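Each chain is listed here by its residues.
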Amino acid sequence: MSEPKPGWKTLPEGDVVQAGTAEGFKTGDWRSERPLWFPERCIHCLFCWISCPDSSILVKDQKMTGIDYDHCKGCGICVKECPVKPDKALEMRPER
Amino acid sequence: MSKIIARTGNEAMAEAMRQINPDVVAAYPITPATEIVMIFAKYVADGLVDTNYIAVESEHSAMSACVGASVAGARVMTGTSSQGLALMYEILPIAAALRLPIVMCDVNRALSGPINIHCDHSDTMAARDFGWIQIFSENSQEAYDSLIQAIRIAEDPRVHLPAMVTTDGFIISHCMDKIEILEDKEVKDFIGQERKAKTSLLDINNPVSVGLLDLQDYYFEHRVPVAQAMKDSKKVILEVAEEFGRKFGRKYGLLEGYKLEDAEFVAVALGSTCGTAKVVVDELRGKGVKAGLLKIRVFRPFPAEEIVAALTKAKAVAVLDRSDSWSSQGGQVSTEIRSAMYELSSKPKMINFIYGLGGREIDLPQIRSVYSALQAVDKQPLVQYLGVRE
């Protein structure tokens, strides 16, 4: 059983709440396509990281380490921005 | 000490804005409201106010910038009209839901089409369901006074809703009128030095999220407080009006009754038409006809109980709507009043005149014809267009 949700009289005015709520809201299941990362091609320029609107490019010690599929909505901006040639380090694949 | 000067409605609103000295104004020019923000922009350029003036590329951006500045904690104002207001429609209910006390000067002008720049209330009436307080003005003085009061009303913790103060396009906005202006200090003391916002998007020590996704499980709970705040605002509007009257001598309410006490034939109107109707009421009273006028100053919140109380004793009532809801049941004011009267066991006869669309003049003969119709009300259709060629 989940906790009963609060009623309108007790909620914060204007739905203004503590920052950071998006972290708890898993939007990964909205995807129709997913970005796939090919580490061997990656030059760690982090264009994908700075372009991602959902902070879903995982980075450690200034190197890309993977994709947060819990939050990635599959917009494809990371693939579009990836400068690696001839084959990009990120490619879109259909979700099944 | 207040002083009496000559000002147009737009100049009066710009003067009130100068005295209010908001933190941020974001606006885009549109006839007949252009002058308000144009004059105010000059005040900014001349250093007469401390306002950060944001010149935006559209009214949609204007209202978006107002919302952004307001969630940062600023005291925010804007001005627009007609198509400009319509371009803001997408953002207006967001401002209400976020409980932002943005105050807007809204000059009533017909919505296109056909394209038209003159007065009717179609723009403002279409915005009636967005959670904004709506105050109509009969003249420049009321526009000036109500704009100052609107800051207090909107920022009251019991309200925290945006508010629009309207004038009638050209009829008020561009007509020179005698108005009494308060001292700058009197205005500042009345509204308070600054807005006291509970949170600010710029407060990095207490970061907040604003404008969240709110689905089946919470959206409803975040809309009902807007209704409650609107309901509670009635008391606040009256308190602010009472204090204003006590300090500056001009009395305001939700409504104004003119020779209503023993009136049998009552017209109901909003805005500048009320001044014309008062002349006809005086004429008819001189002839022994018990005519009266009910002016609605505050349309949102809708003062239903007060209107019912004011109309209960009348024999026949004509509601004058300067806009059509296209429902075939009459204008917005009429349908809301009819709804409010439903519970009364003994009701006056009530008819509706839709008049003055696109700035069509409403003159004394037309208003005389309204009172003539009331004296033979049984023969009248529910809804009539007044002053249109067939």
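As the structure is a computational prediction, the values presented were derived from the model and not from experiment.

S.K.: Looking at this model, I keep getting lost on the overall build of chain B. Mind explaining?
M.R.: Helix and strand counts for chain B stand at 13 helices and 16 strands. Whereas a compact globule of 390 residues would reach a radius of gyration of roughly 21 Å, chain B reaches 21 Å, a difference of no more than 12%. Based on the C-alpha atoms only, the size of chain B along its principal axes is roughly 70 × 55 × 45 Å. For chain B, the residues scored as buried account for 50% of the 390 residues in total. Across chain B, contacts joining residues at least 24 apart in sequence account for 79% of those joining residues at least 6 apart.

S.K.: Where do I start with unusual backbone geometry in this structure?
M.R.: Residues and elements named next belong to chain B. With an omega of 5 degrees, the peptide bond running from S112 to G113 counts as cis. Checked against the element boundaries, G113 lands in the loop between β5 (103-108) and α6 (122-125). In the segment running from G113 into P114, the intervening peptide bond is cis, with an omega of 5 degrees. By the secondary structure assignment, P114 is in the loop between β5 and α6. Positive phi values are uncommon outside glycine, yet N21 reaches one of about 55 degrees. Classification of N21 as partly exposed rests on a count of 19 C-beta atoms within 10 Å. Phi is positive for W326, close to 60 degrees, though the residue is something other than glycine.

S.K.: It is not clear to me how the interface of chain A and chain B should be interpreted in this structure. Could you clarify?
M.R.: Taken together, the contacts link 12 residues of chain A with 16 residues of chain B. Looking at the side of chain A that touches chain B, its residues break down into five nonpolar, four polar and three charged. The pairing of strand β1 (residues 17-18) of chain A with strand β9 (residues 208-209) of chain B spans two bridges and is classified as antiparallel. When the bridges of β9(B) are listed, Q18(A) appears paired with V208(B).

S.K.: Would you mind going over the pairing of strand β6 (residues 133-136) of chain B with me for this structure?
M.R.: Looking along a regular strand, one sees side chains alternate from face to face of the sheet. Residue and element names in this part refer to chain B. Every second residue of β6 is oriented toward a common face, with I133 and I135 on one face and Q134 and F136 on the other, all of them buried. The sheet contact formed by β6 and strand β7 (residues 163-168) spans four bridges and is parallel. For I133, the partnering residue across the bridge sits in β7 and is A163. Handedness of the crossover is the feature at issue here: the chain leaves β6, passes through helix α7 (residues 140-155), returns alongside β7, and the resulting connection is right-handed. Pairing between β6 and strand β13 (residues 298-300): two bridges, direction antiparallel. For I135, the partnering residue across the bridge sits in β13 and is V298.

S.K.: Even after reading the chapter, I still don't get the sheet that holds strand β14 (residues 316-321) of chain B, so can you show me in this structure?
M.R.: Within a beta sheet, neighbouring strands are joined by backbone hydrogen bonds and run either parallel or antiparallel to one another. All names here are of chain B. Spatially, β10-β12-β11-β14-β15-β16 is the arrangement adopted by the six strands of the open sheet, whose pairing is mixed. Whereas interior strands pair on both sides, the edge strands pair on one side only; in this sheet they are β10 (255-258) and β16 (383-386). Strand-to-strand twist in this sheet, taken as the mean axis angle between neighbours without regard to direction, amounts to 20 degrees. Most of the contacts of helix α12 (residues 332-341) go to β14, to which it runs at about 145 degrees, and overall it touches β11 (265-269), β12 (291-296), β14 and β15 (349-355).

S.K.: For this particular structure, what's the right way to read the domain arrangement of chain B?
M.R.: Size of an interface: often given as the accessible area lost when the parts come together. All names here are of chain B. Domain boundaries assigned for chain B yield domain 1 (3-248) and domain 2 (255-386). Centre-to-centre, using C-alpha coordinates, domain 1 lies 28 Å away from domain 2. Listed as interface residues are 27 residues of domain 1 and, on the opposing side, 20 residues of domain 2. Elements supplying a minimum of two residues to the side of domain 1 that touches domain 2: α6, β6 and α9 (219-248). In terms of residue count, the dominant contributor to the side of domain 1 that touches domain 2 is α9 (five residues). Its residues placed into classes, the side of domain 1 that touches domain 2 shows 12 nonpolar, nine polar and six charged.

S.K.: What am I meant to see in the environment of D68(A) here?
M.R.: One can find D68(A) in the loop between β4 (63-67) and α2 (77-81). Exposure remark for D68(A): the 14 C-beta atoms within 10 Å place this residue in the partly exposed category.

S.K.: Any chance you could explain the sheet that holds strand β4 (residues 76-80) of chain B here in plain terms?
M.R.: Residues and elements named next belong to chain B. If you trace the seven strands from one edge of the open sheet to the other, you get β3-β2-β4-β5-β7-β6-β13, paired in mixed fashion. Bordering the open sheet on either side are β3 (52-55) and β13, each of which pairs with just one other strand. Strand after strand, the sheet turns through a mean of 20 degrees between neighbouring axes, direction not considered. Two strands pair when backbone bridges link them, and β4 and β5 are joined in this way by four bridges, in the parallel orientation. Paired with M77 across the two strands is V103, which belongs to β5.

S.K.: Help me understand the packing of helix α10 (residues 273-286) of chain B against helix α13 (residues 364-374) of chain B in this model?
M.R.: How two helices pack is summed up by the angle between their axes together with the distance between the axes. Residues and elements named next belong to chain B. Their axes nearest at 9 Å, the elements α10 and α13 cross at an angle of 60 degrees. Taken together, the axes of α10 and α13 lie oblique to each other. α10 and α13 meet at a crossing whose hand is right-handed. Contact residues: T276, A277, V279, V280 and L284 in α10; L364, I367, R368 and Y371 in α13.

Cut-offs applied
Residues numbered from 1 in each chain as written. Chains lettered and ligands numbered in written order. Predicted model: local features only at pLDDT ≥ 70, side-chain atom pairs only at ≥ 80, totals over all residues. Helix = DSSP H or I, 4+ residues; strand = E, 2+ residues; numbered from the N terminus. Rg over C-alpha atoms; globule rule 2.2 N^0.38 Å. Buried ≥ 20, exposed ≤ 12 C-beta atoms within 10 Å, placed from the backbone. Contact = placed C-beta atoms within 7 Å. Nonpolar A, V, L, I, M, F, W, Y, C, P; charged D, E, K, R; others polar. Pairing = 2+ DSSP bridges. Right-handed = clockwise from strand over helix to strand, strands pointing away. Axes fitted to C-alpha atoms, helices over the stretch in contact; angles between N-to-C directions. Domains from an automatic or database assignment. Parallel < 35°, antiparallel > 145°, perpendicular 65-115°, else oblique. Left-handed = near helix turned anticlockwise from the far one by under 90°.

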